[in-house]
Amino acid sequence: MGPHHPSTHGVFRMMVTLDGETVVKLKPVFGYLHRNHEKIGENTTYLASMPYTDRLDYFCSMTNNWAYALAVEQLAGLPVPERAEYLRVILAELTRLLNHTCLAGFLLQDTGASGTPLMYAFREREKILDLFESLSGSRMMCNYQRFGGCRIDATPEWLAAARQLVNGYNAFLDEYEELITGNEILMARTQNVGVLSPALAVNAGITGPMLRASGVDYDLRKVDGYGYYPRFEFRIPLGDHGDTYDRYMVRMLEMRESIGILRQALDRIPEGPVMDPKAKIRGFKPKPGEHYGRIEGPKGEIGFYLISDGTANPYRYRVRPPSLINLTILEDLCLGHTLADAVIILGSIDIVLGEVDR
Amino acid sequence: MTMSDATRPAINAQTSAPLSGPTDADRDELRRHGILLTSIQELANWGRSNSVWPLQFGLACCAIEMIAASMARFDIARFGSEVFRPSPRQADLLIVSGTVTKKMAPQVIRLWNQMPEPKYCIAMGACAISGGPFKQGYNVLKGIDRFIPVDVYIPGCPPRPEALLNGLIELQKNIRGRHIAGPAPVEADSPTAPGEYPVPAFGERDLEPTSNPKLWQPPVIVRPDKP
Amino acid sequence: METLAQIHERLAARFPAATLTLVPNPAPPAQASLLLDAAHAREIAVFLRDDPALRLDYCSNVTGVDWPEKEIVETTRSVQIDPAGGPPRTIEQKTKRLQPGCLEVVYHLYSMALKHGPVIIRLRTGNRSDQITLPSLTPVWRSCEFQEREIFDLFGIVFTDHPDLRRLLMWDEFTAHPMRKDYVEPDDYEWEPTPHDDVLAKAKAHYPAPAAKAE
């Protein structure tokens, strides 16, 4: 299957061996979107890599920006103003809503519910993209975070618009869940399909909602407590069975928690600068050293490993792509299921090819 | 420094000579009397331009905006192109939406070869046009027009859905001016399979060949200011 | 969690034959790392994973790093006293030393059970041309599977006992290792409106006599 196949979410290829309709062997083939992100990152300055991080996981440019900014800030020991930290949390949670909403749409598309669920999802996506656009100037490629803060401050009108969106989001989720979550066809197609055991999930380095659907309580927002997440109250939804339905359900529940975080953040966001006044935009050269910084992206742990040799370019620039590593267990999940189920399992893993191949 | 247009290979000149016959004023006069005058060519082009079926083929970031263009807010159905076909055999339009890597290029050309005539190609986004921001990459093809003919280029990274719609309208205008018998015979086709574009092979360091010389030549640089 | 120095001591006591080096990190968070020798890497990895106090069950990130040969110029200053009784002179002596190149793999380990980390371990190859084999840690942590394949593809490190060592990103016929520092890109230059630096050099190479046309 692939690399041109409507159900592969991009140019992903699987070499599938079938017995009748049952999958007996499945080998993924990567590299059809290998855009040399890391090599380009080593040949440009630290700041010039920021727009490229947008294009890693092109649904979640804001969290990619944050992960990279966080890694560089920790490497160079830069402080971040309070308002910028709040804005980062707001934007990251909006990105989580965006990603999980689109995922639910695409997952339903894969089960054969062609069109309508995806239309609902993209209707909400457009609303969030409007917010991103009015803040950063671009719909998808926001390029918004900087080392030591954010590029542009949010206006009170923007915050009011964000609050309005957040207040209306629960209604959308209610509507969506009423239509889909209890749907008999969805349950029949997804329950007990692609069961992932917790032991295998941990050993294979699965992160994000995939891992938590298998019942492993590991969320970097709680574990690392990066940014201002320790200041917010939220719960981590966990799955019981680790099947495709759990992976869908965990994401729906995570969105409810994200709405809670967004409400708290929008209530408490302080006034102040969004950029550290001492932060150096041009001619930024961190001291020699190395650092691995990571955050909880919507798809899993996204991290950046940087080795600095004291020059303006990183000596080594490495992205830890959650989508690629979550694909490690694709064969284990698909064995014994039909080919149509393999499509749904791939959809529930939630990959973006820009990040898988980089 | 300018690129001289005369040196460009003129193989993709598909637009036919303007039709001779009744002028627009004549037709308006006839229409007032209830007579609709048309030609087979106009009728065919009208039909073709208003039911362009794109191939459901996403490469990278731009594909998401392509999907967004087909969704409720931008609604590509208003222009008759909502029927995204998963099979190239049923599609008229190849939207190259995103970065074409060297590993993917042969597959894109094969898809193009599998599409039936008349077929059109839109290069959507900076990457498909020239490699875009990833131009320095060792695995990135510097523009899909090195291998297949492109009708409309849409710049942007990624282009907004409105830009895609505008590109589609431009393509429709282009289609209305074409000859009914289709494009001129392809000069760039492969020697073994007539009508098809040659598919490059994977080499040890790069694609072989790196471009289709009949379709694309490196532009000639003319620098009158500096010798 | 124990500090890396404590882990180092425990490992040294447990594996006396292994060569372990603590690599310091001058960056502010000071994520220091432990350089293992390739012969004992697998045993130590299993120990780190199963030790009840550490339980590093999650290997997050595997990175390949290329360190080409580097010429280091060291300046030594010595004070020489003039036997004739004049003022002492400072003599600078420059010595050139060739630091051998190597390929390196860095593993970032965390514990999901005990929620701590990172513990960073590194492995180094002998050189960059013929001694490029390292033991694969995929049997210990499955998350290394694709990342080690990627390193094999882009850096050319051969991992022994890897279940499926093929190129991950580039096509199979490809022979080079593009992430190495001395990789030369294929020459597919294209015209640019404002060439400068290396692009200008390429432009001149492609168009050797533009001046004749301009006149």
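One structure accompanies this document, and this report is about it. These figures come from a predicted structure and were not determined experimentally.

1. Structural notes on the overall build of chain C
Along chain C, the regular secondary structure elements total five helices and nine strands. In chain C, the succession of α and β elements from N to C terminus is α-β-β-α-β-β-β-β-β-β-α-β-α-α. Across the 215 residues that make up chain C, the buried fraction comes to 48%. Taking the contacts inside chain C whose residues are at least 6 apart along the sequence as the reference set, 57% of them involve residues at least 24 apart. For chain C, the accessible surface area stands at approximately 10800 Å², while carbon and sulfur atoms represent 54% of it.

2. Details of the packing of aromatic side chains
Aromatic ring pairs are defined here through the distance separating the ring centres and the angle between the ring planes. Per the stated rule, a full pass over the model turns up 29 aromatic pairs over all chains. Connected via pairs of aromatic rings, a cluster forms that spans Y46(A), Y68(A), F147(A), F284(A), F304(A) and Y317(A). Lying across the ring of Y110(C), R294(A) places its NZ or CZ 3.5 Å from the centre.

3. Thoughts on the interface of chain A and chain B
On the chain B side, the residues contacting the 30 residues of chain A number 35 residues. Taken together, both faces of the contact between chain A and chain B bury some 3000 Å²; the carbon and sulfur share is 64%. When the buried area of chain A at its contact with chain B is split by residue, H4(A), Y32(A) and R35(A) rank highest and sum to 21% of it. A salt bridge links D130(A) to R73(B), with the shortest nitrogen-to-oxygen separation between them at 2.6 Å. Counting every contact that joins chain A to chain B gives 13 residue pairs in polar contact (both at pLDDT 80 or more). Only helix 1 (37-43) and helix 5 (116-136) of chain A provide two or more residues apiece to the side of chain A that touches chain B. Ranked by residues supplied to the side of chain A that touches chain B, first place goes to helix 5 of chain A with seven residues.

4. As for the sheet that holds strand 3 (residues 58-67) of chain C
Consider a sheet: its strands pair through backbone hydrogen bonds, and that pairing is either parallel or antiparallel. All names here are of chain C. Pairing is mixed across the open sheet formed by five strands, whose spatial order is 1-2-7-6-3. On the outer flanks of this sheet lie strand 1 (21-23) and strand 3, each paired with one strand and no other. Pairs of neighbouring strands in the sheet enclose a mean axial angle of 25 degrees, with direction left out of account. Pairing geometry for strand 3 and strand 6 (residues 102-111), over nine bridges, is antiparallel. From the neighbouring strand, T63 faces strand 6, where its bridge partner is V106. Here helix 1 (residues 4-14) sits on the sheet and contacts strand 1, strand 2 (33-36) and strand 7 (116-124); the angle it forms with strand 2, its principal contact strand, is near 25 degrees.

5. Things to note about the nonpolar core
Ranked by internal contacts, the top residues of the largest apolar core, which has 202 residues, are L94(A), W158(A), Y248(A), L327(A), L330(A) and Y107(C). Top contributing element to this core by residue count: helix 4 (residues 82-111) of chain A, with 15 residues. Y248(A) has contacts with A104(A), L107(A), Y176(A), I180(A), T181(A) and L186(A), leaving out every residue within four places of it along the chain. A69(B), Y120(B), I154(B) and L164(B) belong to the second largest nonpolar core, which has 19 residues in total.

6. Observations concerning the interface of chain C and chain A
Listed per partner, the contact involves 46 residues of chain C and 45 residues of chain A. Between chain C and chain A lies a buried interface of about 3800 Å² when both sides are counted; carbon and sulfur atoms form 55% of it. The largest per-residue losses of area from chain C upon contact with chain A belong to M112(C), R142(C) and F146(C), which jointly make up 18% of the total buried on that side. For the pair chain C and chain A, the number of links is five salt bridges. Counting across the chain C and chain A interface gives 25 residue pairs in polar contact (both at pLDDT 80 or more).

7. What to know about helix 4 (residues 105-114) of chain B
The buried fraction of helix 4 of chain B amounts to eight of the 10 residues, a majority that puts the element mostly inside the structure. Of the surrounding secondary structure, the elements contacted by the buried residues of helix 4 of chain B are strand 2 (93-97), strand 3 (120-124), strand 5 (201-202) and strand 6 (207-208) of chain B.

8. Some details on the pattern of salt bridges
All names here are of chain A. The final tally for this structure, using the stated rule, is 58 salt bridges over all chains. The partner of R83 in a salt bridge is D153, with the nearest N and O atoms 2.8 Å apart. Of this pair, R83 sits in helix 4 while D153 sits in the loop between strand 4 (149-150) and helix 6 (156-180), and the two are 70 residues apart along the sequence. On the basis of relative accessible area, D153 is assigned to the partly exposed category, the value being 34%. Among the ionic pairs, E301 bridges to R320, the shortest N-O distance being 3.9 Å. Linking E301 in strand 6 (residues 301-308) with R320 in strand 7 (residues 314-320), this pair joins segments that are 19 residues apart in sequence.

9. Details of the pairing of strand 2 of chain C
Residues and elements named next belong to chain C. Alternating positions in strand 2 separate into two faces, S33 and L35 on one and L34 and L36 on the other, with burial throughout. Pairing analysis gives three bridges linking strand 1 to strand 2, with the strands arranged antiparallel. Its bridge partner being in strand 2, T21 is matched across the sheet by L35. Pairing of strand 2 with strand 7 involves four bridges; the strand directions are parallel. Bridge pairing links L36 to L123 in strand 7.

10. Some points on the packing of helix 6 of chain A against helix 11 (residues 244-268) of chain A
Residue and element names in this part refer to chain A. One can describe the packing of helix 6 onto helix 11 by two numbers: an axis separation of 10 Å at closest approach and a directional angle of 160 degrees. Relative to helix 11, helix 6 is oriented roughly antiparallel. Of the two elements, helix 6 crosses helix 11, and the hand of that crossing is left-handed. Judged by residue contacts, L159, A162, R163, V166, N167, Y169, N170, L173, D174, Y176, E177 and I180 of helix 6 engage Y248, M249, M252, M255, R256, I259, L262, R263, L266 and D267 from helix 11.

Criteria and thresholds
- Every chain's residues receive numbers from 1 upward, in the order its sequence appears when written.
- Chain letters start at A and ligand numbers start at 1, both assigned in the order the entries are written.
- Residues qualify for local features only when their pLDDT is at least 70, as the model is predicted, and side-chain atom pairs are given and counted only at 80 or more; totals for whole chains, interfaces and linings, by contrast, use all residues.
- Only hydrogens and water are set aside when side-chain values are computed; all heavy atoms of the structure are taken into account.
- Secondary structure elements are taken from DSSP: a helix is a run of H or I of four residues or more, a strand is a run of E of two residues or more, and numbering for both begins at the N terminus.
- Whether a residue is buried, partly exposed or exposed follows from its accessible area with a 1.4 Å probe, protein chains only, as a fraction of its type maximum: under 20%, in between, or over 50%, in that order.
- In this description, contact between two residues means that some pair of their heavy atoms is separated by no more than 4.5 Å.
- Only the protein chains shown count as cover for residues, and all accessible areas are computed by the Shrake-Rupley method using a 1.4 Å probe.
- Pairing of aromatic rings covers Phe, Tyr and Trp, the last through its six-membered ring, and needs centres within 6.5 Å; plane angles under 30 degrees mean stacked, over 60 mean edge-to-face, and all others mean tilted.
- Here, a charge over a ring is recorded when the distance from Lys NZ or Arg CZ to the ring centre is within 6 Å and its angle to the ring normal is within 35 degrees.
- What gets called buried area is simply the loss in accessible area from a 1.4 Å probe that two parts show on being joined, summed for both.
- A side-chain nitrogen of Lys or Arg and a carboxyl oxygen of Asp or Glu constitute a salt bridge if their distance falls within 4 Å.
- Any N or O atom pair separated by 3.5 Å or less is treated as a polar contact, with the protein-specific requirement of one donor-capable and one acceptor-capable atom, and with residues adjacent in sequence counted only for side-chain atom pairs.
- By the convention used here, strands pair only if DSSP detects at least 2 bridges between them.
- Note on geometry: axes are lines fitted to C-alpha atoms, helical ones only across the stretch in contact, with angles between N-to-C directions running from 0 to 180 degrees.
- Residue types Ala, Val, Leu, Ile, Met, Phe, Trp, Tyr and Cys, when buried and joined through side-chain atoms within 4.5 Å, form a set referred to as a nonpolar core.
- By definition in this entry, angles of less than 35 degrees are roughly parallel, angles greater than 145 are roughly antiparallel, angles of 65 to 115 are roughly perpendicular, and the rest are oblique.
- By definition, any crossing whose near helix is turned counterclockwise from its far helix by less than a right angle is left-handed, and any crossing with a clockwise turn is right-handed.

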